[in-house]
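Chain by chain, the residues:
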Amino acid sequence: MNFHKAIAAVLMTAALAGCAQTEGQQRAGTGALIGGAGGALVGQAIGGNTKSTVIGAASGALLGAVVGSATTPQRRGEQQCRYQDRDGRIYVAPCDDRYYNGDY
């Protein structure tokens, strides 16, 4: 019975990963899926019981999601920055090179 629940959880995760809209969300979902599967294998190999497998899967999914999200490249021109003109008005526009170079 636990095997069927594990298969259902993997299928649900895969379905939710396919629903992501931005590249960062897609990479985080894919990373969570791959990390969860790898973590489950490592947990089973080390502990040899269900508890170790679940802990490994959860840890791998978390780590995979973080790495997938953090490695998403930033594309120039898609980020929006807030600027203030000489009259004190604040407006939003695409970020310039200062944002991407860290000179803000």
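Refer to the preceding data block for the structure.
Summarised in this report is the structure supplied together with it. On a predicted model such as this, the values are computed, not experimentally measured, just so you know. (Residues numbered from 1 in each chain as written. Predicted model: local features only at pLDDT ≥ 70, side-chain atom pairs only at ≥ 80, totals over all residues. Heavy atoms only, no water.)

A look at the environment of Thr 71
Then step 1. By secondary structure assignment, the location of Thr 71 is in the loop between helix H3 (50–70) and strand E1 (80–84).
Then step 2. For the pair Thr 71 and Gly 24, spaced 47 residues apart in sequence, the C-alpha to C-alpha distance is 8.3 Å.
Then step 3. Within polar-contact distance, the side chain of Thr 71 engages the side chain of Arg 27 at 3.0 Å. (Helix = DSSP H or I, 4+ residues; strand = E, 2+ residues; numbered from the N terminus. Polar contact = N/O pair within 3.5 Å; in protein donor to acceptor, adjacent residues only side chain to side chain.)

Some details on the state of the cysteines
Then step 1. The full count for this structure, using the stated rule, is one disulfide.
Then step 2. The disulfide partner of Cys 81 is Cys 95, and the gap between their sulfur atoms is 1.8 Å. Since a negative S-S torsion denotes a left-handed disulfide, the Cys 81-Cys 95 link at about 100° is right-handed. Within this pair, whereas Cys 81 is found in strand E1, its partner Cys 95 is found in the loop between strand E2 (90–94) and helix H4 (97–101), the two being separated by 14 residues in sequence.
Then step 3. Judged by relative accessible area, which is 8%, Cys 95 ranks as buried. (Disulfide = S-S within 2.5 Å. Buried < 20%, exposed > 50% of the residue type's maximum accessible area, 1.4 Å probe, protein only.)

Shape is all these values report; function is a separate question.
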